[in-house]
Amino acid sequence: MRGSSAPARMAWAGTAAVGLILLCLGLGQKFYFASVTNAFARDRLGNTLILVGAALGLAASGWSRYRGDALWVTVMVAVPAVVIGGLNLVVGDSLLPHSAALAAVPLGVAGVIGGIVARTDRIRS
């Protein structure tokens, strides 16, 4: 599915969107203030969802580059995976990944929209 056909664009956009959704669901599992009885299980599920979402986001950014999208689309799709996934690995027990998601997720959504509507001219070099 190389190129700018409609099925290829929708498959790419679906992969990138599922990655963003999994990142947000993982952050939701790790966000609680009060004492909960299953905190360990919630953290483990949240970390797994964030890891899978980051892997899908990085795969979508690589696919974006392969499709010939503009560099800004590729970078903006990769930003949430790198920022949220990286911060979760380094300081996962704090609210830093959650606060970074406030800026990173809208950038990812803009990258997905840009990848859908922007022209994909392959740069031959």
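Right, let's walk through the structure included here.

Parameters and conventions
Residues numbered from 1 in each chain as written. Predicted model: local features only at pLDDT ≥ 70, side-chain atom pairs only at ≥ 80, totals over all residues. Heavy atoms only, no water. Core = buried A, V, L, I, M, F, W, Y, C linked by side-chain atoms within 4.5 Å. Buried < 20%, exposed > 50% of the residue type's maximum accessible area, 1.4 Å probe, protein only. Helix = DSSP H or I, 4+ residues; strand = E, 2+ residues; numbered from the N terminus. Contact = heavy atoms within 4.5 Å. Phe/Tyr/Trp six-rings, centres within 6.5 Å; stacked < 30°, edge-to-face > 60°. Lys NZ or Arg CZ within 6 Å of the ring centre and 35° of its normal.

**A word on the nonpolar core**
Looking at soluble globular proteins, one finds that nonpolar side chains tend to be buried together. If you look at the biggest cluster of nonpolar residues, it comprises 9 residues: Leu 23, Leu 27, Ile 50, Ala 54, Ala 81, Ile 84, Ala 101, Ala 104 and Val 105. Here this core takes 3 residues from helix H4 (residues 96-117), the largest share from any one element. Those residues in contact with Leu 23 that sit more than four places away from it in its chain are Leu 49, Ile 50, Gly 53, Ala 54, Pro 80, Ala 81 and Ile 84. Counting residues in hydrophobic clusters, the runner-up holds 8 residues, among them Ala 13, Leu 20, Val 73 and Val 112.

**So, the packing of aromatic side chains**
Scanning the entire structure with this criterion turns up 1 aromatic pair. When the ring of Phe 31 is compared with that of Phe 33, the centres are 5.1 Å apart and the planes differ by 70°; the resulting orientation is edge-to-face. The ring centre of Trp 12 lies 4.6 Å from the NZ or CZ of Arg 67, which sits over that ring.

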